[in-house]
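Observations on the three-dimensional arrangement
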Amino acid sequence: MIRSGLRRVTQRLAGKDGSYRRGDGRVAILFLLPDLIPFVAFTVFGVLATFGLSFARWDLITSPRWVGFDNYSYLISDDLFRKVVANTFYYALGVVPLSTLLGLLVALGLNLKLPGALVLRTAYFAPYITTLAASALIFQWVFDPRAGLIDSILYAVGVANPPGWLNSTTWALPALIIFGIWRQIGFNIVLFLAGLQGVDRSLLEAAEVDGAGTWASFRHVTLPLISPTTFFVVVISTIGAFQVFDQAYVMTGGQFYPDNDTNTIVGYLFQKAFVSSTAQLGLSSAVAWLLFLFVFAVTMVQFAVQRRWVYYD
Amino acid sequence: MPDQLERNLDTLALEATSARMSRLTFMKRALALGITVPAIVSALESLEGPASAHAAESSPVQITFSSWGSLDEQVTVNQLLTIFQQRFPNIQVQPRYTDFTDYFTKLNADVAAKSISDVLFLTYVPTYAAKGILLDLHHTHPQVLSGYTTDELFLFSYSGGVYGVPRDNDTKVIFYNRKLFNAAGVAYPKEGWSYDDLRTAAKALTKGTAPRISQYGYAYESDFWRLWLWQNGVELFDSDATPTKATFNTPAGAQALQFMADLTNVDKVTPPPTQLASSATIAPLFASGQLAMAFGNHALVPTFVKTPGLDWFVVGMPHFSGHKAVNASGGAGYTISKQSSQPAAAFQLWSFMTGLLATQTFAAGNDVTPLNPQVLKSQAWLGKPYNKIFAEQSLIGHRFPSFAAAGDVFNVVGSDLENVWIGAETAAAALPKAAADADKVIKANA
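Residues numbered from 1 in each chain as written. Chains lettered and ligands numbered in written order. Predicted model: local features only at pLDDT ≥ 70, side-chain atom pairs only at ≥ 80, totals over all residues.

Topic: the confidence of the model for chain B
Residues and elements named next belong to chain B. With 88% of its residues at a pLDDT of 70 or more, chain B has an overall mean of 89. A low-confidence stretch, residues 51-56 stays under pLDDT 50, and its non-local contacts, those more than four residues away or across chains, total four contacts. What the predictor reports for the complex is a pTM of 0.79 with an ipTM of 0.71. (pLDDT = per-residue confidence, 0-100. Contact = placed C-beta atoms within 7 Å.)

Printed below as a string of C-alpha cells:
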C-alpha cells in the first residue's frame with residue numbers, strides 16, 4: 001500500500017517517460033532549504049572556517065593573524081599533544097574491539113528469544129541513552145578506591161591492593177575504557193540483533209543438514225552474513241572512540257588527572273580553545289583538522305581491509 | 001567612638017539590613033543608644049551608599065552580575081541584590097551563578113561572544129585586564145580606590161591600571177573535629193604547631209588499613225601546592241608581577257611537596273588524591289565525621305555550622321621546621337565590564353557590592369574572611385570565636401603572584417604535580433619539568 005502510494009507520487013512528479021519535469025529541481029531545493037540553510041550556516045561554514053583558522057592565531061578578541069603552518073608544527077613538537085594522541089588511540093583500541101565482541105556475544109544470547117529477553121534488551125540499551133554526565137558521575141563512585149563498587153568487590157575476594165583507577169597512572173585510562181565499553185555495548189547489541197534477525201534461516205538449516213555444529217554454523221554462516229553489520233559497528237565505534245571527551249571531563253572534574261593520563265585529542269582541543277586564559281582558536285582548529293585526518297585515515301584503512309572479510313549479498 | 005558604642009552600631013546596622021528598618025527608625029534607635037550624629041550619618045551612608053548614588057536611573061535598565069560561590073554564599077548575594085533592588089528600583093539585576101570549576105570556561109566563552117556580565121566577581125584579574133574587557137577604575141573612578149592599600153590592590157592591578165577591589169581574603173585554616181580528637185585521646189592542635197605535629201595527630205586519628213580506611217586524619221587541597229612552597233621558604237617566581245622564570249625547583253620546594261604527598265602515599269592518612277582536588281570533596285568527608293582535620297577557608301563554615309552534631313573548631317596553619325607559619329593572602333573581588341552598555345548602573349551595583357553594608361553582610365553570613373579591617377575587628381565578626389583565628393591568620397598571608405598568564409602557569413604546574421600526589425613520581429623528579437613548563441608559559445606570554 002505504501003509502495004503503491006509512493007509510486008503514484010513519483011509518477012506525478014516525473015514525466016510520462018519517467019524523466020523529471022523542468023522546475024522539479026527548484027521544488028526539491030525548496031523542500032530541502034529548511035535543513036540546508038542551518039547545515040550550511042552552522043556546519044559547512046564552521047568546517048571551512050576552522051580550516052582557515054588552523055593557519056592563524058586567534059584569541060577571540062583581536063583579529064585572526066596568519067601564522068602559516070606554525071600551529072601544526074607546534075602540535076607535532078608538543079609533548080602533551082603526542083600524549084593525548086597516544087591516549088586516544090589506546091582508548092579506541094580498548095573500546096572498539098571489546099565493545100564489538102561483547103555486543104555480538106550478548107546479541108547472540110538475546111537472539112535466542114529466551115524469557116525476559118525484552119527486559120534484558122532494554123537494560124543493555126539503557127546506558128547508551130542515559131545522560132552521559134549522570135552515568136560518568138556514577139562511575140566516579142564505581143571507581144572510587146576507598147568505597148567504590150569495583151575495588152570493594154576485589155578487596156572482598158582477597159585482592160589486597162586493588163587498582164586505584166583514577167588515582168593511578170596505570171589504571172586511569174583503563175577505567176575510562178571500561179566506562180566506554182559499558183556505554184557503547186547497548187548500541188552495538190541493537191545493531192547486531194538487527195543483523196542476526198536478517199540471517200536467512202534456510203541457510204542455517206542447510207548447514208545443519210550438512211552436519212555443521214553450532215560453532216561451525218556460526219563461524220561459516222552467521223558471521224559472514226552479519227559481516228556488513230560488524231563492519232558498520234566497527235566504523236561507527238571507531239569514529240566515536242576518537243571523539244571521546246565528555247566522560248573523562250566529567251569523571252575528572254575537567255582536570256583529566258592524573259597528569260593528563262585521561263586527556264584525549266578532543267580534551268586537548270577544548271582546553272586550548274576555552275580553558276586556557278588566552279583562547280587559542282587557531283591551534284584548536286589545527287587539532288580538529290588533525291583529528292579529522294586521523295579518523296579519515298583509520299576509516300580508509302578499515303574500508304580497504306573490509307574487502308577481505310565483509311560479504312555483501 | 002568607644003568600643004561598646006561601636007558594637008551597638010554594628011549590631012543595629014546588621015539588624016537594619018536584615019529587617020529592612022526605615023531610615024527614621026534607624027536614626028531614632030541609634031540616638032537612643034547614645035551614638036553621635038556624625039557616626040549615624042556615616043553608618044547610614046555605608047548602609048545605603050553615598051547620597052549622590054540615590055539619583056535613580058531615569059528609565060529602567062537591566063544589568064547582569066556574575067559570581068561563583070557556595071549555595072550559602074548565593075543566598076547572601078541574593079539578599080544583597082534584593083536590598084539593592086529596593087534602593088534602585090529602576091536597575092534590574094540579573095545574577096548569573098556558575099560553579100567555580102566552570103566559571104572561567106564560561107567567562108572565556110562570554111568574552112568571545114562579547115556578552116560578559118556588567119559586574120563580575122573575579123580572580124586572575126590581570127588575565128582579563130590584559131584582554132581589555134575590564135574597566136580601569138584608576139582612571140575612571142580613582143576616588144573609590146582611596147580606602148585600599150597598594151598591597152590590597154595588587155591582585156587587581158595590571159600595567160598601571162586598577163581593575164577592581166578585593167572582597168575577602170582566601171585565608172586558610174585547619175578545621176578539626178573535637179569529637180574525633182576526644183575519641184582518639186589526641187590533644188587539640190594549638191597555635192604554633194608544626195607539620196610534624198600534624199602528621200603525628202593525623203596518624204593517631206586515622207582508622208583502618210589502606211585502602212579500607214573508615215576515618216582519615218587529614219585532607220588538604222592538592223591544588224594549593226603554592227602554599228606548601230611558601231611555608232618552606234620557597235618563592236614561586238623571580239617576580240610576583242612580571243616574572244621571567246620559575247624559582248620553585250629547589251630542594252626545599254621538593255621537601256615541602258614530598259611531605260604532603262607522603263601523608264597520602266606513605267602514611268596513608270589522607271583520602272585518595274582524587275578526593276583532594278578541592279574543598280567540595282573534602283567538606284562532605286569532614287561533615288560526615290569521616291575526617292578529623294580538613295584544610296579549607298571560611299566558605300566551609302556555613303556547612304559545618306549547619307551540620308547537626310558536628311563539634312568543630314579551627315586552628316591556624318602549621319609551620320615547617322625552621323620556618324614561620326605562612327598563610328595565603330588576597331582573594332577575589334569585584335570588577336566592572338568595559339563593554340557594559342549601562343556603565344552608570346554597573347558602577348552603582350559595583351559600589352554597593354564593595355560597600356560596608358555588603359562586606360558586613362558577607363561577614364555576618366559567615367561566608368568569607370573579610371578584607372575590610374573595620375569589619376575584621378567588629379564585634380559582629382569577632383563574636384564568633386573561630387573568627388579570631390581567621391583574623392590572626394589573615395595577618396600572615398603571603399602575597400599571591402599576579403600576572404596575565406598566572407592561571408595558565410598554575411594549571412600546567414598543577415598538572416605536572418599530579419603524579420606526585422598519586423605517588424607515581426617524587427617531588428624532586430617532578431619539579432624540574434614543572435619549572436621548565438612554567439618557564440615555557442611565562443616566556444610565551446612575555
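A closer look at the interface of chain B and chain A
Listed as interface residues are 26 residues of chain B and, on the opposing side, 24 residues of chain A. Among the secondary structure elements, those contributing two or more residues to the side of chain B that touches chain A are α5 (100-112), β10 (212-219) and α20 (406-421) of chain B. Split by residue class, the side of chain B that touches chain A holds 13 nonpolar, eight polar and five charged. (Helix = DSSP H or I, 4+ residues; strand = E, 2+ residues; numbered from the N terminus. Nonpolar A, V, L, I, M, F, W, Y, C, P; charged D, E, K, R; others polar.)

Concerning the nonpolar core
As a rule of thumb, soluble globular proteins bury nonpolar side chains together. Grouped together as the largest cluster of nonpolar side chains are 128 residues, with contacts concentrated most on Val119, Phe175, Tyr218, Leu257 and Leu349 of chain B. Looking at this core, the element that brings in the most residues is helix α21 (residues 427-444) of chain B, giving eight residues. Taken together, domain 2 (60-168 + 331-396) and domain 3 (173-328 + 405-444) of chain B each give at least three residues to this core, which thus spans both. Judged by nonpolar contacts, the second largest core, of 53 residues, contains Tyr91, Val96, Ile265 and Phe270 of chain A. (Core = buried A, V, L, I, M, F, W, Y, C linked by C-beta atoms within 7 Å. Buried ≥ 20, exposed ≤ 12 C-beta atoms within 10 Å, placed from the backbone. Domains from an automatic or database assignment.)

Quick look at the sheet that holds strand β8 (residues 173-177) of chain B
Residue and element names in this part refer to chain B. The strand order β9-β10-β11-β8-β12 describes an open sheet built from five strands, whose pairing is mixed. If you trace the sheet from one side to the other, it starts and ends with β9 (207-209) and β12 (312-315), each paired once. Each strand axis lies, on average, 40 degrees off the axis of its neighbour in the sheet, ignoring direction. The pairing of β8 with strand β11 (residues 291-296) spans four bridges and is antiparallel. Note that in β11 the partner of Phe175 across the bridge is Ala294. (Pairing = 2+ DSSP bridges. Axes fitted to C-alpha atoms, helices over the stretch in contact; angles between N-to-C directions.)

Quick word on the domain arrangement of chain B
Residues and elements named next belong to chain B. Domain assignment breaks chain B into domain 1 (1-48), domain 2 (60-168 + 331-396) and domain 3 (173-328 + 405-444). A C-alpha centroid distance of 27 Å is found between domain 2 and domain 3. Between domain 2 and domain 3, the residue contacts involve 16 residues of the former and 17 residues of the latter. Going through the elements one at a time, α4 (71-87), α6 (125-129) and α19 (385-394) are the ones with two or more residues in the side of domain 2 that touches domain 3. When the residues that make up the side of domain 2 that touches domain 3 are grouped by side-chain class, the tally is seven nonpolar, five polar and four charged.

Let's talk about the sheet that holds strand β6 (residues 165-166) of chain B
All names here are of chain B. Strand order across the open sheet formed by five strands is β2-β1-β3-β14-β6, with mixed pairing between neighbours. Edge strands, defined here as strands with exactly one partner in the open sheet, are β2 (91-97) and β6. Each of β1 (61-67), β2, β3 (119-122), β6 and β14 (333-336) touches helix α15 (residues 343-354); the most contacted strand, β14, lies at about 170 degrees to it.

Examining the packing of α4 of chain B against helix α16 (residues 356-364) of chain B
All names here are of chain B. At their nearest, the axes of α4 and α16 sit 10 Å apart, and the two run at 150 degrees to each other. With respect to their mutual orientation, α4 and α16 come out roughly antiparallel. In this structure, the crossing between α4 and α16 has a hand that is right-handed. Touching Thr76, Gln79 and Leu80 of α4 are Ala358, Thr361 and Phe362, all from α16. Within the contact of α4 with α16, the residues separate by chemical class into three nonpolar, three polar and no charged. (Parallel < 35°, antiparallel > 145°, perpendicular 65-115°, else oblique. Left-handed = near helix turned anticlockwise from the far one by under 90°.)

What to know about helix α13 (residues 279-287) of chain B
Residues and elements named next belong to chain B. When α13 is considered as a whole, its buried residues turn out to be Ser279, Ile282, Ala283, Phe286 and Ala287. Looking straight down α13, one finds its buried side chains confined to an arc of 125 degrees; they lie on one side. Backbone geometry just downstream of α13 places Gly289 in the positive-phi region, at approximately 75 degrees. (Arc of directions from axis to C-beta.)

So, the pairing of β1 of chain B
For a regular strand, the rule is simple: side chains alternate between the two faces of the sheet. All names here are of chain B. Counting buried residues along β1, five of its seven residues qualify, which places the element largely inside the surrounding structure. Across seven bridges, the pairing between β1 and β2 is parallel. Along β2, the bridge assignment pairs Phe65 with Pro95. The parallel pair β1 and β2, bridged by α4, forms a crossover whose chirality is right-handed. Here β1 pairs with β3 via two bridges, running parallel. Its bridge partner being in β3, Phe65 is matched across the sheet by Val119. (Right-handed = clockwise from strand over helix to strand, strands pointing away.)

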